[in-house]
Amino acid sequence: MIKPKTEVPKIELPLINDTQWNLAAQKSESFTVLVFYRGLHCPVCKNYLEELAKRLKDFTDRGAHVVAISSDSEARAKKSGKEWNVPELPIAHGLSIEEARKWGLFVSKGIKDSEPDAFSEPGVFLVRPDHTLYASAVQTMPFARPDWDDILNAIDYIEKNDYPARGGE
(Lines give C-alpha, C1' and ligand atoms only; values in the text may rest on other atoms or scores of the structure.)
Protein backbone atom coordinates (compact mmCIF):
# COMPACT_ATOMS: atom_id res chain seq x y z
CA MET A 1 0.00 0.00 0.00
CA ILE A 2 1.26 3.45 -0.89
CA LYS A 3 0.84 5.93 1.93
CA PRO A 4 -0.25 9.52 1.34
CA LYS A 5 2.62 12.04 1.22
CA THR A 6 5.03 9.36 -0.03
CA GLU A 7 6.43 9.06 -3.54
CA VAL A 8 4.45 6.83 -5.87
CA PRO A 9 6.10 4.20 -8.07
CA LYS A 10 7.55 5.34 -11.37
CA ILE A 11 5.31 4.45 -14.28
CA GLU A 12 5.75 4.75 -18.03
CA LEU A 13 3.43 3.04 -20.51
CA PRO A 14 2.45 3.21 -24.17
CA LEU A 15 -0.78 4.98 -25.12
CA ILE A 16 -3.26 3.80 -27.74
CA ASN A 17 -2.28 6.76 -29.95
CA ASP A 18 1.22 5.21 -30.28
CA THR A 19 2.92 7.69 -27.97
CA GLN A 20 4.45 7.10 -24.55
CA TRP A 21 2.95 8.31 -21.24
CA ASN A 22 5.28 8.90 -18.31
CA LEU A 23 4.24 10.11 -14.86
CA ALA A 24 7.61 11.84 -14.42
CA ALA A 25 6.89 14.01 -17.49
CA GLN A 26 3.53 15.26 -16.19
CA LYS A 27 3.53 18.95 -15.35
CA SER A 28 0.11 19.31 -13.78
CA GLU A 29 -0.76 22.33 -11.67
CA SER A 30 -2.78 20.36 -9.13
CA PHE A 31 -2.89 16.59 -9.69
CA THR A 32 -2.25 13.80 -12.08
CA VAL A 33 -5.23 11.47 -11.85
CA LEU A 34 -4.36 7.85 -12.61
CA VAL A 35 -7.44 5.75 -13.29
CA PHE A 36 -6.61 2.06 -13.31
CA TYR A 37 -9.33 -0.04 -14.93
CA ARG A 38 -9.87 -3.75 -15.54
CA GLY A 39 -9.85 -3.73 -19.35
CA LEU A 40 -11.91 -4.24 -22.48
CA HIS A 41 -13.91 -7.09 -20.97
CA CYS A 42 -15.43 -4.88 -18.25
CA PRO A 43 -18.74 -3.10 -19.04
CA VAL A 44 -18.56 -1.22 -15.72
CA CYS A 45 -15.14 0.14 -16.77
CA LYS A 46 -16.58 1.19 -20.12
CA ASN A 47 -19.30 3.25 -18.44
CA TYR A 48 -16.89 4.70 -15.88
CA LEU A 49 -14.36 5.79 -18.49
CA GLU A 50 -17.05 7.18 -20.79
CA GLU A 51 -18.26 9.36 -17.91
CA LEU A 52 -14.69 10.41 -17.21
CA ALA A 53 -14.17 11.31 -20.88
CA LYS A 54 -17.16 13.67 -20.69
CA ARG A 55 -15.49 15.39 -17.71
CA LEU A 56 -11.94 15.77 -19.04
CA LYS A 57 -12.29 19.52 -19.55
CA ASP A 58 -13.46 19.85 -15.93
CA PHE A 59 -10.21 18.21 -14.79
CA THR A 60 -8.10 20.26 -17.19
CA ASP A 61 -9.77 23.46 -15.96
CA ARG A 62 -8.55 22.52 -12.48
CA GLY A 63 -4.97 21.98 -13.62
CA ALA A 64 -5.24 18.19 -13.44
CA HIS A 65 -3.98 15.67 -15.98
CA VAL A 66 -5.83 12.37 -16.41
CA VAL A 67 -4.80 8.97 -17.75
CA ALA A 68 -6.64 5.63 -17.85
CA ILE A 69 -4.43 2.56 -17.40
CA SER A 70 -5.00 -1.17 -17.82
CA SER A 71 -3.11 -4.42 -18.11
CA ASP A 72 -4.71 -4.96 -21.52
CA SER A 73 -2.59 -5.73 -24.53
CA GLU A 74 -2.14 -3.04 -27.17
CA ALA A 75 -4.78 -4.66 -29.40
CA ARG A 76 -7.38 -4.89 -26.61
CA ALA A 77 -6.70 -1.32 -25.43
CA LYS A 78 -6.98 0.05 -28.96
CA LYS A 79 -10.26 -1.82 -29.38
CA SER A 80 -11.55 -0.12 -26.21
CA GLY A 81 -10.47 3.25 -27.59
CA LYS A 82 -12.28 2.54 -30.84
CA GLU A 83 -15.48 0.99 -29.45
CA TRP A 84 -15.96 3.08 -26.31
CA ASN A 85 -16.98 6.74 -26.38
CA VAL A 86 -13.66 8.05 -25.00
CA PRO A 87 -12.25 10.12 -27.89
CA GLU A 88 -9.92 12.44 -25.94
CA LEU A 89 -9.09 10.23 -22.97
CA PRO A 90 -5.43 9.15 -22.81
CA ILE A 91 -5.51 5.36 -22.53
CA ALA A 92 -2.36 3.50 -21.49
CA HIS A 93 -1.92 -0.25 -21.77
CA GLY A 94 0.51 -2.97 -20.86
CA LEU A 95 0.55 -2.48 -17.09
CA SER A 96 2.30 -5.56 -15.74
CA ILE A 97 0.84 -7.45 -12.83
CA GLU A 98 4.06 -6.68 -10.93
CA GLU A 99 3.55 -2.92 -11.53
CA ALA A 100 -0.10 -3.22 -10.51
CA ARG A 101 0.95 -4.77 -7.21
CA LYS A 102 3.45 -1.91 -6.60
CA TRP A 103 0.48 0.47 -6.79
CA GLY A 104 -1.41 -1.66 -4.26
CA LEU A 105 -3.98 -2.79 -6.82
CA PHE A 106 -5.80 -6.06 -6.37
CA VAL A 107 -5.26 -8.65 -9.09
CA SER A 108 -7.82 -11.11 -10.46
CA LYS A 109 -7.51 -14.17 -12.65
CA GLY A 110 -9.74 -14.41 -15.69
CA ILE A 111 -12.79 -16.65 -15.29
CA LYS A 112 -14.29 -16.24 -18.78
CA ASP A 113 -12.87 -16.48 -22.29
CA SER A 114 -13.39 -12.72 -22.75
CA GLU A 115 -11.08 -11.95 -19.81
CA PRO A 116 -7.28 -11.91 -19.82
CA ASP A 117 -5.49 -14.54 -17.74
CA ALA A 118 -4.77 -11.88 -15.09
CA PHE A 119 -5.65 -8.20 -14.73
CA SER A 120 -5.69 -5.46 -12.12
CA GLU A 121 -8.83 -4.35 -10.39
CA PRO A 122 -9.76 -0.63 -10.40
CA GLY A 123 -8.09 2.18 -8.55
CA VAL A 124 -8.04 5.98 -8.70
CA PHE A 125 -4.94 7.85 -7.52
CA LEU A 126 -4.54 11.61 -7.09
CA VAL A 127 -0.85 12.36 -7.38
CA ARG A 128 0.67 15.75 -6.62
CA PRO A 129 3.11 17.41 -9.05
CA ASP A 130 5.98 16.29 -6.79
CA HIS A 131 4.88 12.67 -7.46
CA THR A 132 3.62 12.05 -3.94
CA LEU A 133 0.30 10.39 -3.29
CA TYR A 134 -2.45 12.71 -2.14
CA ALA A 135 -5.36 10.24 -2.10
CA SER A 136 -6.38 6.89 -3.51
CA ALA A 137 -9.39 4.61 -3.79
CA VAL A 138 -8.73 0.97 -4.59
CA GLN A 139 -11.44 -1.60 -5.30
CA THR A 140 -11.46 -5.39 -5.21
CA MET A 141 -14.31 -5.49 -7.76
CA PRO A 142 -15.48 -3.27 -10.62
CA PHE A 143 -18.21 -1.75 -8.45
CA ALA A 144 -18.41 1.17 -5.96
CA ARG A 145 -15.89 3.52 -7.60
CA PRO A 146 -15.49 7.20 -6.70
CA ASP A 147 -17.91 9.52 -8.49
CA TRP A 148 -16.26 12.06 -10.82
CA ASP A 149 -18.26 14.96 -9.36
CA ASP A 150 -17.02 13.99 -5.89
CA ILE A 151 -13.43 13.99 -7.10
CA LEU A 152 -13.82 17.32 -8.89
CA ASN A 153 -15.45 18.87 -5.81
CA ALA A 154 -12.64 17.47 -3.68
CA ILE A 155 -10.00 19.04 -5.94
CA ASP A 156 -11.81 22.38 -5.62
CA TYR A 157 -11.90 22.09 -1.84
CA ILE A 158 -8.28 20.94 -1.58
CA GLU A 159 -6.98 23.78 -3.72
CA LYS A 160 -9.17 26.48 -2.13
CA ASN A 161 -8.36 25.47 1.44
CA ASP A 162 -4.82 24.16 0.98
CA TYR A 163 -6.11 20.96 2.56
CA PRO A 164 -3.26 18.54 3.39
CA ALA A 165 -3.08 14.87 2.45
CA ARG A 166 -4.38 12.66 5.23
CA GLY A 167 -4.06 9.04 6.27
CA GLY A 168 -0.30 8.67 5.98
CA GLU A 169 0.35 7.78 9.59
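Here the structure is shown first, and the text comes after it.
Bear in mind the structure is a predicted one, so any value in this text is a computation, not a measurement.

A. Layout of unusual backbone geometry. Although it is not a glycine, His 131 sits at a positive phi angle of roughly 70°. Assignment of secondary structure puts His 131 in the loop between strand E8 (123–127) and strand E9 (133–138). In the Ramachandran plot, Asp 162 falls in the positive-phi region, its phi being about 45° despite a non-glycine side chain. When you line up the elements, Asp 162 lands in the segment after helix H5 (148–161). Looking at Asp 162, the relative accessible area reads 65%, which means it is exposed.

B. Quick peek at the sheet that holds strand E5 (residues 91–92). The sheet built from five strands is open, its strands ordered E5-E4-E3-E8-E9 with mixed pairing. For this open sheet the edge positions go to E5 and E9, each flanked by a neighbour on one side alone. Across the sheet, helix H1 (residues 43–54) is in contact with strand E3 (32–36), strand E4 (65–69) and E8; its angle to E3 comes to roughly 160°. Along the sheet, H5 makes contact with E3, E8 and E9, crossing E8 at roughly 15°.

C. Fine view of H5. End to end, H5 covers 20 Å across 14 residues, agreeing with the expected 20 Å (1.5 Å per residue, within 8%). Within the span of H5, buried status applies to Trp 148, Ile 151, Leu 152, Ile 155 and Ile 158. Along the long axis of H5, the arc covered by the buried residues comes to 125°, so they all point the same way. Within H5, the exposed residues directed more than 90 degrees away from the buried face are Asp 150 and Lys 160. Along its buried surface, H5 packs onto E3, H1, helix H2 (56–61), E8 and E9.

D. Quick peek at the packing of aromatic side chains. As enumerated under the stated definition, the model contains eight aromatic pairs in all. Seen from their ring centres, Phe 36 and Trp 103 are 5.4 Å apart, and the 50° between their planes marks the pair as tilted. Residue Phe 36 is located in strand E3, and its partner Trp 103 is located in the loop between helix H4 (97–102) and strand E6 (107–109); the two are separated by 67 residues in the primary sequence. The same class applies to Phe 36 as to Trp 103, namely buried. With a centroid separation of 5.9 Å and an interplanar angle of 85°, the aromatic rings of Phe 59 and Trp 148 are classed as edge-to-face. Here the residue Phe 59 occupies a position in helix H2, and Trp 148 occupies one in helix H5, the gap between them amounting to 89 residues.

Rules behind the numbers
Residues numbered from 1 in each chain as written. Predicted model: local features only at pLDDT ≥ 70, side-chain atom pairs only at ≥ 80, totals over all residues. Heavy atoms only, no water. Helix = DSSP H or I, 4+ residues; strand = E, 2+ residues; numbered from the N terminus. Buried < 20%, exposed > 50% of the residue type's maximum accessible area, 1.4 Å probe, protein only. Pairing = 2+ DSSP bridges. Contact = heavy atoms within 4.5 Å. Axes fitted to C-alpha atoms, helices over the stretch in contact; angles between N-to-C directions. Expected span 1.5 Å × (residues − 1). Arc of directions from axis to C-beta. Phe/Tyr/Trp six-rings, centres within 6.5 Å; stacked < 30°, edge-to-face > 60°.

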